[in-house]
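Below are the chains, spelled out letter by letter.
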Amino acid sequence: MTQSRTPQQIPVVVLAGFLGSGKTTLLNHLLHRSGGSRIGAIVNDFGAIEIDALAVAGALGDSTVSLGNGCLCCAVDASELDVYLERLARPSAGIDVIVIEASGLAEPQELVRMVLASEHPGIVYGGLVELVDAAEFDETRARHPEIDRHLALADLVVVNKLDRTPDADRVLGLVRSLTDRAAVVPATYGRIDPEFLFDCRPGEERVGQLSFDDLHRQGDDEHDDHAGHLHAAYDSLSFASEVPLDPRRLMLFLDSRPEGLYRIKGYVDFGPHDTAHRYAVHAVGRFLRFYPEPWGSAGERLTQLVLIGSGIDAAALGKELEACKSDAPHADEHGMWGVLRYVQNPEDRADEVFEEA
Ligand SMILES: Nc1nc2c(ncn2[C@@H]2O[C@H](COP(=O)(O)OP(=O)(O)OP(=O)(O)O)[C@@H](O)[C@H]2O)c(=O)[nH]1
């Protein structure tokens, strides 16, 4: 705990990182490993369907506030954020720490600036945590040099996906060289000690480094028209269907997805091909995974996908997804094989399930 924090003040941690770096995964890990602490989450997503909110909602119940469509740094001003903070910080909610999960396209300093500008007496800025996808780091940096600036602002950098990174030491060293006194923590599936994160509140010594004035100045220089924001170069497409998707058609679509289609996430209903499960899908760059999850008893069965990319033809992709709708009432015997190739094998999965249990 920082010296300046009064017992009533709840730290607000900003969790940022490029698309698909593992922010939701880390947040879910924290929710399950926070011991007696109660975490309130503000989830921001880019795309009309709030997949991230769905992904964490079950765990959080009414401690989740979703900011809806659009990039947090553009869609919401500080006073609006205050309304959400107010809701989570009221004593009856019994929350110990608030985590804002930023859209993968948000500008972290804007978010930090908004938290610092908050007039809510019950909260205190708790630090900026940046997630890095170690496996994609070189490519992400080449395409988005502003990532270096984000890392320089961070209080804690989680270098994630080390299981997919052959040269982890090099990436860790590189990240360390780009940060300014931030703690750099290696991780797989965002599994960091929650204590570590909640302790990354800025002490007095960081105020000069990341003061409201500094952030304000940066904002004036760079963000007047939002043109420099990462998301300015991105298009997103939301797709929803009550009709189940045909697994073979969807796999043809996914296998031939254009390079610029950087991120796909959501849930797929394969109807008669698997009536017991919905399939969470995640694509990040070249990486693709399906995660079968039992359908809950209530609620309608829907496919909901968000696609994010640069230079993509959203209308054409929408049409291609439409064409993946199934017109067959029965499953064909091997229909799911293509999908199952991308389901993690049970041993690998066991660890994750354990984390989620
Ligand atoms: N192999 C591997 N996969 C990971 C790891 N961490 C997360 N993932 C997977 O990476 C994908 C993206 O993770 P998310 O947690 O949704 O990423 P995010 O940063 O919230 O994504 P956006 O909301 O799009 O910005 C999912 O398929 C995760 O299961 C990791 O350490 N190793």
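Residues numbered from 1 in each chain as written. Predicted model: local features only at pLDDT ≥ 70, side-chain atom pairs only at ≥ 80, totals over all residues.

As recorded in an unreviewed UniProt entry, the protein chain goes by Cobalamin biosynthesis protein CobW and comes from Streptomyces aurantiogriseus. Under the UniProt heading Catalytic activity (unreviewed entry), the entry covering the protein chain gives this text: "GTP + H2O = GDP + phosphate + H(+)". (UniProt positions renumbered as here; feature names shortened; annotations may be inferred.)

> Can you walk me through the pairing of strand 1 (residues 10-17) in this structure?
Put simply, side chains in a regular strand alternate between the two faces of the sheet. Among the eight residues in strand 1, eight count as buried, and that is most of the element. Residues Ile10, Val12, Val14 and Ala16 line one face of strand 1 and the alternating positions Pro11, Val13, Leu15 and Gly17 line the opposite face, and both faces are buried. Note that strand 1 and strand 5 (residues 123-133) share seven bridges and pair parallel. Note that in strand 5 the partner of Gly17 across the bridge is Leu131. As paired strands, strand 1 and strand 4 (residues 97-101) are joined by four bridges and run parallel to one another. Note that in strand 4 the partner of Val12 across the bridge is Ile98. (Buried ≥ 20, exposed ≤ 12 C-beta atoms within 10 Å, placed from the backbone. Helix = DSSP H or I, 4+ residues; strand = E, 2+ residues; numbered from the N terminus. Pairing = 2+ DSSP bridges.)

> Can you help me understand the nonpolar core in this one?
Most often, soluble globular proteins have nonpolar side chains that are buried together. In this structure, Val14, Leu15, Ile98, Val99 and Val158 are the most contacted members of the largest nonpolar core, which totals 50 residues. If you tally residues by element for this core, the top one is strand 5, at seven residues. The residues contacting Val158, other than those within four sequence positions of it, are Leu26, Val129, Leu131, Val132, Val185, Ala187, Gly190 and Ile192. Counting residues in hydrophobic clusters, the runner-up holds 26 residues, among them Leu245, Leu261, Tyr267 and Val281. (Core = buried A, V, L, I, M, F, W, Y, C linked by C-beta atoms within 7 Å. Contact = placed C-beta atoms within 7 Å.)

> Honestly, helix 7 (residues 146-153) in this entry has me stumped. Any pointers?
Regarding helix 7, the residues found buried are His150, Leu151 and Leu153. The buried side chains of helix 7 occupy one side of the element, clustering within an arc of 160° when seen end-on. Lining the buried residues of helix 7 we find strand 1, helix 5 (108-117), strand 5, strand 6 (156-160) and helix 8 (168-178). (Arc of directions from axis to C-beta.)

> Which parts of the structure should I look at to understand the pairing of strand 2 (residues 39-43)?
With five of its five residues buried, strand 2 lies for the most part within the structure. Sheet analysis places strand 2 next to strand 4, joined by five bridges and oriented parallel. Among the inter-strand pairings, Gly40 is bridged to a residue of strand 4, identified as Ile98.

> For this particular structure, what's the right way to read unusual backbone geometry?
With glycine set apart, most residues show a phi of negative sign, and most peptide bonds adopt trans. Of note in the backbone geometry, Lys161 takes a positive phi value of approximately 70° without being a glycine. Inspection of the secondary structure puts Lys161 in the loop between strand 6 and helix 8. In this structure, Tyr189 takes a positive phi of about 50° despite not being glycine. In this structure, Tyr189 sits in the loop between strand 7 (183-186) and helix 9 (194-198).

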